[in-house]
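Structure at a glance
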Amino acid sequence: MKLRRSLLYVPGNMPGMLQNIPVFEADGVMIDLEDAVPLVEKDAARLLARNFLHSYQNRNKEMFVRINPLDTPYAAADLREILPALPDGIRLPKAENPELVERLDTLLTEQEEKLHLEIGHFKIIPSIESAQGVLNCVETARASSRIVALAFGAEDYTASMEIDRTRTGEELFSARTQVVWAAKAAGVQAIDTIFSDVNDMEALRAETALIKRLGFTGKSLVNPRQIEVIHEVFRPTADEIQNAVEVMEAIKRAREMGTGVISLKGKMVDAPVVTRAARTLRTAVAFGMIEYALSDEVIHGQK
Amino acid sequence: MARNSLGREIPAQWRGRTLDPYLDPWNKKPEVLRATRPLVRRSPGDSKLLPSLRAVLEKCELRDGMNISTHHHLRNGDLLLNLLVKELDAMGLRDMGLACSSVHAVHAEIIPYIQKGVITRIETGVNGLIGEMVSKGELTCDIIVRSHGGRARSLVTGEVEVDAAFIAAPCCDITGNMNGVHGPSACGSLGYAYTDARYAKKVIAVTDNLVRYPAAPISISQSDVDYVVQIESLGDPKKIVSTTTRITRDPAGLLIAKYAAEVIETAGFLKDGFSFQTGAGGTSLAVADNIRRKMADGKIKGSFGCGGITGYFVDILEQGYFETLFDVQCFDLKAVESIRRNAGHREISADLYASPFNRGSVVNMLDCVILGATEVDVDFNVNVNTESSGYLLHNTGGHCDAAAGAKLAIVVAPSMRGRLPIVRDAVTTVTTPGETVDVIVTERGICVADKHVDLKKELVRRNLPVKEIHQFHEEITQLTGKPRAVEFEDEIVALIEYRDGSIIDVVRRVRE
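These figures come from a predicted structure and were not determined experimentally. Each chain has its residues counted from 1, following the order in which its sequence is written. Going through the entries in the order they are written, you letter the chains from A and number the ligands from 1. Where totals are concerned, whole chains, interfaces and linings use all residues; where local detail is concerned, this predicted model gives features only for residues with pLDDT of at least 70, and gives and counts side-chain atom pairs only at 80 or more. Just so you know, side-chain values use all the structure's heavy atoms and leave hydrogens and water out.

What follows concerns the overall build of chain A. Summing up its helical and strand segments, chain A has twelve helices and ten strands in all. Taken over C-alpha atoms, the radius of gyration is set against a globule rule of 2.2 Å times the number of residues to the power 0.38. Against the globule reference of 19 Å for 303 residues, chain A gives a C-alpha radius of gyration of 21 Å, in line with a compact fold. With the C-alpha coordinates of chain A rotated into their principal frame, the extents come out at 70 × 45 × 35 Å. Buried means the residue's accessible area, taken with a 1.4 Å probe over protein chains only, is under 20% of the maximum for its type, while exposed means over 50%, and partly exposed covers the values in between. Relative to its 303 residues, chain A shows a buried fraction of 52%. Put simply, DSSP marks the helices as runs of H or I at least four residues long and the strands as runs of E at least two long, and each gets a number from the N terminus on.

Here the focus is the packing of helix H7 (residues 251–266) of chain B against helix H13 (residues 453–461) of chain B. Residues and elements named next belong to chain B. Comment: axis = line fitted to C-alpha atoms, over the contacting stretch for helices; angle = value between 0 and 180 degrees taken between N-to-C directions. Contact pair H7 / H13: the axes reach a minimum separation of 10 Å and the direction vectors enclose 120°. Of the possible angle classes, the one that applies to H7 and H13 is oblique. Remark: the crossing between H7 and H13 carries right-handed chirality. Seen from H7, the contacting residues are Glu262, Val263 and Thr266; seen from H13, they are Leu455, Glu458 and Leu459. Just so you know how the angles are binned, under 35 degrees is roughly parallel, over 145 roughly antiparallel, 65 to 115 roughly perpendicular, and the rest oblique. Left-handed describes a crossing whose near helix is turned anticlockwise from the far helix through less than a right angle; right-handed describes the clockwise counterpart. By definition in these notes, contact holds between two residues if any of their heavy atoms fall within 4.5 Å.

Further remarks concern the domain arrangement of chain A. As assigned here, chain A comprises domain 1 (6–234) and domain 2 (238–300). Here the C-alpha centre of domain 2 of chain A lies 33 Å away from the C-alpha centre of domain 1 of chain A. Each domain's extent is set by a domain assignment, obtained either automatically or from a database.

So, on to the interface of chain B and chain A. Each partner contributes to the interface: chain B provides ten residues, whereas chain A provides eleven residues. Of the roughly 980 Å² buried where chain B meets chain A, counting both sides, 49% is carbon and sulfur surface. Taken as a group, Arg249, Pro251 and Arg444 of chain B account for 44% of the area that chain B buries against chain A, more than any other trio of residues on that side. Salt bridge, as applied in this entry: a Lys or Arg side-chain nitrogen positioned within 4 Å of an Asp or Glu carboxyl oxygen. Linking chain B with chain A are one salt bridge. Lysine 258 of chain B is paired through a salt bridge with glutamate 25 of chain A; the nearest N and O atoms lie 2.6 Å apart. N or O atoms within 3.5 Å of each other form a polar contact, as long as, within protein, one can give a hydrogen and the other can take it, and as long as residues adjacent in sequence are counted only when both atoms are side-chain atoms. Linking chain B with chain A are four residue pairs in polar contact (both at pLDDT 80 or more). When grouped by side-chain class, the residues that make up the side of chain B that touches chain A number six nonpolar, no polar and four charged. When two components associate, each loses some accessible surface as probed by a 1.4 Å sphere; the sum of these losses over both components is called the buried area. Residues are sorted three ways: Asp, Glu, Lys and Arg are charged, Ala, Val, Leu, Ile, Met, Phe, Trp, Tyr, Cys and Pro are nonpolar, and all the rest, Gly among them, are polar.

This part takes up the sheet that holds strand S6 (residues 67–69) of chain B. Residues and elements named next belong to chain B. The strand order S5-S14-S13-S10-S6-S7-S8-S9-S28-S29 describes an open sheet built from ten strands, whose pairing is mixed. On the outer flanks of this sheet lie strand S5 (49–50) and strand S29 (503–510), each paired with one strand and no other. Pairing analysis gives two bridges linking S5 to strand S14 (residues 227–230), with the strands arranged parallel. Within the sheet, the bridge partner assigned to leucine 50 lies in S14 and is valine 229. Against the sheet, helix H4 (residues 129–136) engages strand S8 (119–122), strand S9 (142–145), strand S28 (488–497) and S29, with an angle of about 70° to S29. Here, a strand pair is defined by DSSP locating no fewer than two bridges between the strands.

Written as structure tokens, this is what we have:
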């Protein structure tokens, strides 16, 4: 499982910020050529981003580029400049419908052929950021095998809804739920929107805890200072890990006795409980918190 | 011209003084008795109170070539030194030396008097324009840069004789009992002035707040003070604050702070009794904040914090994470307020804080210290005095003292400033020898001195970005390019004295 807890936006037109990309502990970075870059700097940002990607050899995180929307005159030039520098993928803004993703898929395939890359090398993260996008996102999430995650963008979404975004975010609840459903049904990750007040760490923590409960696996962010809080929230607690280990030990004993159900501290342990425990342990291992060898045979039983 | 053990060329003599090249941090021993000052008898009814600075200066019988001192507790708010130098000039005195605890940007006012020959020597480091002009050859003034501990040592051994010490006293009575905690110019601790009060030939309390006898609490007592004089104002206490006493918001600075705190934790120091020093810079304060959170999480109660004290350290004391703050210098007004109120917030002298030549100073009891740098090099030597321009711009403070004393000395710095790499082949000027520096923390990597094999292993195990320093130097230089070396003339404009009095480096005139 590829960790994408934190996807950090870095404006493509800011060399001072680009050069610090290797330093921050975000799981992924999205170099932004879209909203953060004024029209007069679109070309400069493209070149800076391209040159940075060329020079960033031993990459320690996934690199995405947020191109301009496909219906703008900038998108084609964005792709032409950026793709030879081999980002891991493209964040597609304003993914209103599956057709836009399909179009991007075709453009990426063309470039892959030109660059002699394996087809499917470039991944896609479509961004759902309007009422129309939310309604279509179930199909959008399945529009390309390149899609690794579905992202939600609340700033544009609330604009399209003609509402204000609040600190607690009740107005986003339905849209978020729909995006998570679409992502889970398509078997991809779900990435929540940015939290724009970089000084309010408590509200960021509360929002991240909320979206984690809803099923999101990560969050977009605008400032490196937010990384730590987000990672803390997504990190399983010591109690959760301990409990998961106990569940795995219990089911192991059950399997040895030839059954798939066993009681642990008065609670029933069966398949869904084991699946959740296995997920917690995989996450803890991915976070480097524990070393634990998971066995499919223990999780699912002998076939 | 000989090379000291760090390979720096040190002349046998400079301005008539025989120089002792630096050898190592530990083995130079004092071979003299304590310096002393004349005993005086004061009878009941004798008055120490004099009407003006001029009257005091005359009473002190100052002659050409003598030394005066002030303390720098009022930092950039200090008015006293400028007033004194003007009076020295008015009296026709020449070739005087300043043996102040530090000289700040506000003292650029004395530059015309250096040009005039009133002041020809500064027996301490300088911050700002004076050092820059001396480095460029635009100003002639012999400078010997000393650390806080080194300055205290030089007074105690008599290497530097202070003929008259003028102690700015924010609260004082007619006999000279004084403290820094009351009055309009309250600056908190008077830590640097203690040594002057005990070793200067004449000690003068200068106050803008003469109170009825007895001034209390007594920091420096009437038994040490020769004269008392009242002036209108000692300075502007709002300017005593350091340039930054706020936690940095820069994400790279915060990352450095996080790494530094993790190094301290990994090294095993975060347990009951932990002791800690950090500076007032934004990144240093962020380290303190990380440490406070880790102490809270682990329910750890530390023993003491020391050095220059800020409001952040006061919070740590008041929240019960430390029992004691040893305060040589208050960096902000919250610290001033605390030293007045908190029993655990103790004023200490620079001698007790950091001198290598007493029977053991506070820095020797430090677990960890966080230090800054303008440059570091592949031998872990640290520069805080000059910048890559070659200009002498900063005083040492307690840098080399705390590095030598602490069990773990951590230098925090960004890997580059502007387009210049911070890690160099060799620092422009050595302030603190690499032998006393344990870890260098930047946002792009953590370099651990070879002697700490286990610490290095454990940091690697915890997935921290540990890098070998030569490789790290290469990596940063690849990003920045190799800067063209600054060229220097042969002429030596300043000495960098190590805390024990040996010469660790010299500053040469920059070829313009």
